[in-house]
Amino acid sequence: MNDQKFDLLIVGGTVIDGTRRPGFVADLGVKNGRIAAIGDLQHCEAAQRIDAAGLVVAPGFIDSHTHDDQALLSTPDVPFKVSQGVTTVVIGNCGISSAPVVTDASLPAPLNLLDDGSERYPTFRAYLDALRRAPAAVNVVPLVGHTTLRVMAMPALDRTASDAEIAVMQQLLEEALSAGAFGMSTGPYYPPAAAATTQELIEVSRPLAPRKALYVTHMRNEADRCVEAIDETLEIGRTAGVPVLVSHHKLMRQANFGKSVQTLEKIQKAMGCQCVSLDCYPYTASSTMLHLDEERLQGRVVIASSASHPEMQGRDLQDIADGWGVSRVEASKRLQPASAIYHSMDEQDVQRILAFERTMVGSDGIPSSDRPHPRLWGTFPRVLGRYSRDVGLFPLETAVWKMTGLTAEVFGIEERGVLAPGMHADITLFDPATVKDLADYDNPTTPAAGIEAVYVNGALTYHRGQHSQARAGQLLTPAHAKA
Ligand code: ZN
Ligand code: CU
């Protein structure tokens with residue numbers, strides 16, 4: 001077997017294989033886009049040979065939570081992903097997906113976070129076809145958004161859906177699932193979906209159950225009523241009979257600091273009788289649309305983007321309000337459509353959630369601004385460098401597992417997330433001594449340090465700060481949608 005000629009041979013690195021098993025020094029051979037062998041392969045022939053001594057050889061990272069739906073088409077090199085070692089992105093989160101959306105609909109916030117005025121896709125399949133026609137540099141795991149389905153099914157969004165509207169959403173969900181969605185996301189936190197009752201969320205979710213597809217949620221509340229929101233999410237999972245994933249779990253505002261002890265206890269307990277997972281980004285600030293209500297504008301708020309006042313990017317909302325001589329709410333109105341960064345979490349909660357057994361790493365990066373939250377460029381190296389190496393929150397093997405093997409398991413992504421013969425060759429080489437996020441709130445688009453090389457389906461995509469322009473990413477298909 002070992003006398004075969006490899007396309008690529010990565011020699012002498014420390015293999016951290018994405019299963020949490022301790023790293024071991026070995027060579028890794030790639031052939032036809034797959035991992036062909038792992039072991040002592042030094043004497044094998046290869047078209048290309050890479051010396052990986054001192055480097056970690058890991059599965060390419062899977063970003064469990066992104067908003068790259070449009071960026072995959074408009075910025076197919078996705079440098080903010082591959083420069084972090086990410087080789088697969090999960091899109092369609094927080095209830096917001098790029099499809100299905102009819103051509104002439106005007107999109108309410110937060111749907112406009114994704115809309116860059118480009119083409120619209122009236123069916124989920126049409127959108128997936130567009131992704132297939134124009135491959136990006138990373139693989140894609142699509143979710144369909146409940147908020148998007150509401151816009152399609154309901155003439156007015158400020159109330160819960162009628163039975164007939166629920167039936168339409170179920171049909172649209174079924175279409176998306178059979179086209180290749182891995183699950184459905186919801187965002188009852190946001191105004192247009194907040195009007196949905198728990199019952200609506202349960203009923204719309206019904207088509208997920210026979211396919212064992214995921215219910216992924218930006219919960220109704222991540223502040224004063226976060227514990228209740230966990231209860232609601234667990235109830236939806238139990239009643240609809242679906243696995244649930246709590247997106248970017250966090251506790252916002254000082255009065256709620258420390259409550260992650262309770263929320264995680266609840267999740268831990270529920271895990272005994274239902275399927276629950278969560279993800280988290282390693283920062284104490286959040287980012288989303290610029291809110292219009294006093295309550296959600298508390299604390300330090302920095303403008304990430306504003307279509308009406310682009311010159312205000314990076315400025316503090318309070319300063320803008322003072323300058324204009326108006327209230328923060330009024331200033332927020334004038335800045336719309338806009339997105340913002342909210343400094344509102346406690347470091348201890350972030351660490352506790354990140355370290356929790358079932359927590360995956362997901363960036364929640366929003367790629368539609370020159371002044372994005374630094375998580376867009378820094379999430380994965382920050383977990384490896386700051387939280388694993390410097391803070392010592394967990395071993396490197398655990399950090400890698402939280403961004404590879406665990407994520408593949410939760411989403412049902414086949415033949416990826418682990419380094420083993422036969423798996424697709426999504427591979428990230430990084431230097432464990434120097435890997436580090438360099439993006440911060442002042443310089444949010446600086447690529448990370450220590451990411452040495454990134455292979456997507458065997459194609460070298462990123463090497464020492466240079467993008468190869470390879471676009472070897474594939475649209476991935478869930479097991480339930482395969483013939
Ligand atoms: Zn969200
Ligand atoms: Cu999100």
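The structure contained in this document is the topic of the report that follows. Remember, predicted model here, so these are calculated numbers, not experimental data.

**Let's talk about the coordination of the copper ion (ligand 2)**
- Note on the copper ion (ligand 2): its protein donors are His 65 (NE2), His 67 (NE2), Cys 94 (SG) and Asp 364 (OD). The metal-donor distances range over 2.1 to 2.2 Å.
- Here the copper ion (ligand 2) is ringed by four donor atoms whose angles at the metal span 86 to 161°, and the overall shape comes out irregular.
- Read from N- to C-terminus, the donor residues coordinating the copper ion (ligand 2) fall into the pattern H-x1-H-x26-C-x269-D.
- Separating the copper ion (ligand 2) from the zinc ion (ligand 1) is a distance of 3.0 Å, and Cys 94 supplies a donor atom to each of them. Note that His 67 is positioned in the loop between strand 6 (61-63) and helix 1 (71-74) and Cys 94 in the loop between strand 7 (86-91) and helix 3 (124-133), a separation of 27 residues in sequence.
- The exposure class assigned to Cys 94 is buried, which follows from its relative accessible area of 2%.

**Some thoughts on the packing of helix 12 (residues 347-355) against helix 13 (residues 375-390)**
- Between helix 12 and helix 13, the shortest axis-to-axis distance is 13 Å and the interhelical angle comes to 100°. Classified by the angle between their axes, helix 12 and helix 13 sit roughly perpendicular to one another. Residues Glu 347, Val 350, Gln 351 and Leu 354 of helix 12 touch helix 13, and the partners they reach there are Val 383, Arg 386 and Tyr 387.
- Per-class residue counts for the contact of helix 12 with helix 13 are four nonpolar, one polar and two charged.

**Let's talk about the packing of helix 8 (residues 226-240) against helix 9 (residues 260-270)**
- The contact between helix 8 and helix 9 brings their axes to 9 Å, and the two run at 15°. Relative to helix 9, helix 8 is oriented roughly parallel. Our pair here, helix 8 against helix 9, has a crossing hand that is right-handed. Together, Cys 226, Val 227, Ile 230, Asp 231 and Leu 234 of helix 8 and Gln 262, Thr 263, Lys 266, Ile 267 and Ala 270 of helix 9 make up the contact between the two elements.

**With respect to the pattern of salt bridges**
- Applying the stated criterion across every chain yields a total of 28 salt bridges.
- One salt bridge connects Asp 17 with Arg 21, and the closest N-O pair in it is separated by 3.5 Å.
- Of the residues examined, Asp 17 reaches a relative accessible area of 5% and is grouped as buried.
- In this structure Arg 21 comes out as partly exposed when scored by relative accessible area, which is 45%.
- Residue Arg 352 pairs with Asp 349 through a salt bridge whose shortest N-O separation is 3.2 Å.

**Some details on the pairing of strand 13 (residues 276-280)**
- Counting buried residues in strand 13 gives five out of five residues, a clear majority hidden from the surface.
- Side chains Val 276, Leu 278 and Cys 280 of strand 13 all project onto a buried face; the interleaved residues Ser 277 and Asp 279 project onto the opposite face, where all are buried too.
- Direction of pairing for strand 12 (residues 244-246) relative to strand 13: parallel, over a ladder of three bridges. Among the inter-strand pairings, Val 246 is bridged to a residue of strand 13, identified as Leu 278.
- Regarding topology, helix 9 serves as the crossover connection from strand 12 to the parallel strand 13, and that connection is right-handed.
- In this structure, strand 13 lies alongside strand 17 (residues 359-361), joined through three bridges in parallel fashion. Looking at the pairing, Asp 279 lines up with Met 360 of strand 17.

Calculation rules
Residues numbered from 1 in each chain as written. Chains lettered and ligands numbered in written order. Predicted model: local features only at pLDDT ≥ 70, side-chain atom pairs only at ≥ 80, totals over all residues. Heavy atoms only, no water. Donors = N, O, S within 2.8 Å, 3.2 Å for Na, K, Ca; no water. Tetrahedral: all angles 85-135°; square planar, octahedral: opposite > 155°, others 65-115°. Helix = DSSP H or I, 4+ residues; strand = E, 2+ residues; numbered from the N terminus. Buried < 20%, exposed > 50% of the residue type's maximum accessible area, 1.4 Å probe, protein only. Axes fitted to C-alpha atoms, helices over the stretch in contact; angles between N-to-C directions. Parallel < 35°, antiparallel > 145°, perpendicular 65-115°, else oblique. Contact = heavy atoms within 4.5 Å. Nonpolar A, V, L, I, M, F, W, Y, C, P; charged D, E, K, R; others polar. Left-handed = near helix turned anticlockwise from the far one by under 90°. Salt bridge = Lys/Arg side-chain N within 4 Å of Asp/Glu carboxyl O. Pairing = 2+ DSSP bridges. Right-handed = clockwise from strand over helix to strand, strands pointing away.

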